[in-house]
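Chains, contacts and geometry: an overview
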Amino acid sequence: MDNGYFSLRNNNNIPDAQRKQLLTQQKKQQQERVDRRRKATTSFRTKKWTPFVNVEKWNSVETCLLEMLPVKNPVFRQLQELITNLEVFPAGDSEGWKQTLLDALAILSFLDSKRSILEPVFNQDDATELYITKSSLGEQNIEALRTRLEALIGIASGNIVLDVIDLGRATVNSRGAKGKGPRRAKRRVEDEVEDINWEEAGEIDTDAFIEGKRQALITLSELGELLVPSFPYAVPSRGKFGYLPRLLGRCSVTLSFERPSIAASTFGLNLGGITGKSQALGNVTIIADGYAAPITAGNFVDLSVRNFYTGLSVKAMRKRLGVVPTLSDNVIVNDLTELRDDLDELKDAALVFPETLKKAKDGKPTKGGNPFAESYYDESRMTMDAVLPILGSFQEGFYDPLTAKPRRIPLEVVALDPSSPTKSTITYSSSYASLDDDMDGAGTTKYSALMSSSSAQRSFSSATSSSSSNSTAAAASSNLDPVLSFNIPDVVALNHPDRVTNGGSSEFFALPRKDVSTKRTRLLDGQYAPFGYIVEGSDVYQSLKPGDIIGSTSVSDVGLLNLVKIRKNAFEGGEEDVVVEDEGGEEEG
């Protein structure tokens, strides 16, 4: 055989010395495979998963989807590690792909042998419909993951049909023979993989394998959602918080985008009865993550269910990143403050512009240069002007029928707990509303005050627990350390006015990949609330232009079960009863 592995079968005429040498090399290779399989299938018993240990290394939405889950199930975490570590080799590297193929087969075997440990976890607070849904989804998600793994095996083998695709089930069903069945099944797999003639195999599509691996990890995260024992954060529910929906889990929302015909409309108006067909751009699927921002994600899902976003266009909006938030929610005052700052900058620029123009390099003004340059970075003021694609923009935002006022969402950031780097806490601005008095001792919700500072990263004081005093003025100033960073591609966040962090309503955005930079993301982190991830249609999102329209919105029925609405009578005062309404319209007093 010319695939790099030696076989003594059908080689009875070779000299004894050479036979011994080949036999030694073959045993060594077999032992290496055995060691790799043992490490792959037993390490889950010895390695304990620790949350947020490598949070600075998160670089993909699938990693966020998995790591944000409060799940300690060892089999689930081992599957995450095994799939993540599947290696990708050049298309012509048959030896490398042979190893990847064996690894994928081992993962399939591991999954089938541990199915019972991956059964859904039921919470006593689960609604009846959610309980039934979890029961049916458990097996479906395991089978979906198995299908993903089979697809990876097919790609890694060059689409050669293997007789060992049911290795996992064969291993589980043959345990009665004192372990001989499983050993024989694994040996049969290794023999068949070893005998693959890679010259007859089709060319391995590395891009397809990378995408298949990504899909497998996303499917694993869906399986993991059913393993969450309880929601990890205490979300405020009284006062102004009582009017806000919250997502106690995850929900997928698919937006269908269109590009209107230029002949059909101008400035949004149909001229002279001309009718033109819009160009379909494709779909963008966003997973709203309640484990990242329950109220912010709940608001997005609620507006999606209401079809609020359908028909709204994409807008290019100039944002000023890094400005110090103000404690006032008065937009007029904030606008006047920003205008004053702009005039100050213009005055400074007029004084130094001739000198800086001479020193400019590569067409980029240096410090103190043209303040109206596109996407300029002013190190002296720690600010940057940037134009971002904003979706969901409509007048003042969403008018809540419960309050007859625009709904305002507080800045909601999940950050690492200063007392322990492996714990997270959800933070809210003290300028929005005080936390619930009945949340004493919750220990998972923090209360932060916005402080005046020249650095956007110092806009929060150190967080204090809900059981502490509402006053945080005496707290020592320190930086929050957000779990999710805008360095991660395709993270979706709620937009708000530059200086009013609690002024978000319906607008959202994802930083275009071409605009991801350390300067920009540093100014966004902790100042805007990530609440979801683009998992499908990233290329469609990257191609959007101002004027493109959201043609339709669809929301996952399963995810809607995680949407909780807490409402109060807007026309009565006092501490009236809280009414909980689910999507089915049932109410509990």
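Our subject is the structure that appears above.
The sections below set out a description of the structure shown in this document. (Residues numbered from 1 in each chain as written. Predicted model: local features only at pLDDT ≥ 70, side-chain atom pairs only at ≥ 80, totals over all residues. Heavy atoms only, no water.)

On to the environment of Arg-522, then. Along the chain, the position of Arg-522 falls in helix H11 (residues 518-524). Here the alpha-carbon distance between Arg-522 and Asn-487, two residues 35 residues apart in the chain, equals 8.5 Å. (Helix = DSSP H or I, 4+ residues; strand = E, 2+ residues; numbered from the N terminus.)

Locating Gln-124 in the fold gives a position in the loop between helix H4 (94-113) and helix H5 (128-156). Exposure remark for Gln-124: the relative accessible area of 77% places this residue in the exposed category. In this structure, the C-alpha to C-alpha distance between Gln-124 and Pro-229, residues 105 residues apart in sequence, is 9.6 Å. (Buried < 20%, exposed > 50% of the residue type's maximum accessible area, 1.4 Å probe, protein only.)

Overall, antiparallel pairing links the 6 strands, which are arranged S16-S15-S17-S5-S2-S18 in an open sheet. Both edges of this open sheet fall to strand S16 (508-510) and strand S18 (549-555), since each of them pairs with a single strand only. Between one strand axis and the next, the sheet turns by 30 degrees as a mean value, whatever way the strands run. The pairing of strand S2 (residues 250-259) with S18 spans 6 bridges and is classified as antiparallel. (Pairing = 2+ DSSP bridges. Axes fitted to C-alpha atoms, helices over the stretch in contact; angles between N-to-C directions.)

Further remarks concern the layout of surface pockets. Of the voids in this model, the second largest pocket is the one considered here, and its volume is about 910 Å³. Forming the walls of the second largest pocket are 32 residues, and the residues nearest its centre are Thr-63, Glu-67, Gln-80, Glu-81 and Thr-84. With 6 residues, the top contributor of residues to the lining of the second largest pocket is helix H3 (residues 74-84). Looking at the lining of the second largest pocket residue by residue, the classes come out as 10 nonpolar, 11 polar and 11 charged. (1 Å grid on protein atoms, 1.4 Å probe; cavity = no way out; pocket = protein on both sides within 12 Å on 5 of 7 lines; lining within 4 Å. Points joined across faces, edges and corners; volume = space filled by probe spheres on them. Nonpolar A, V, L, I, M, F, W, Y, C, P; charged D, E, K, R; others polar.)

This part covers a nonpolar patch on the surface. Among the surface-exposed residues, Phe-122, Tyr-131 and Ile-132 lie close enough to one another that they form a single nonpolar patch of about 300 Å² accessible area. With respect to the helices and strands, the residue Ile-132 is situated in helix H5. (Patch = residues over 30% accessible without salt bridge, like charges linked within 9 Å, V, L, I, M, F, W, Y side chains within 5 Å. Areas by Shrake-Rupley, 256 points an atom, 1.4 Å probe, with all protein chains shown as cover. Salt bridge = Lys/Arg side-chain N within 4 Å of Asp/Glu carboxyl O.)

A few words on the pattern of salt bridges. Per the counting criterion, the structure on display carries 17 salt bridges. We note a salt bridge from Arg-115 to Glu-143, for which the minimum N-O separation is 2.9 Å. Taken together, the residues Arg-115 in the loop between H4 and H5 and Glu-143 in helix H5 connect sequence positions 28 residues apart. Under the relative-accessibility criterion, Arg-115 is labelled buried at 17%. The exposure class assigned to Glu-143 is partly exposed, which follows from its relative accessible area of 30%. For Lys-565, the salt bridge goes to Asp-302, with nearest N and O atoms at 3.3 Å. Of this pair, Lys-565 sits in strand S19 (residues 563-567) while Asp-302 sits in helix H9 (residues 294-305), placing them 263 residues apart in sequence. In terms of burial, Lys-565 and Asp-302 fall into one category: buried. Taken together, the shared-partner salt bridges connect Asp-112, Arg-115, Glu-139, Glu-143, Arg-146 and Glu-150 into one network.

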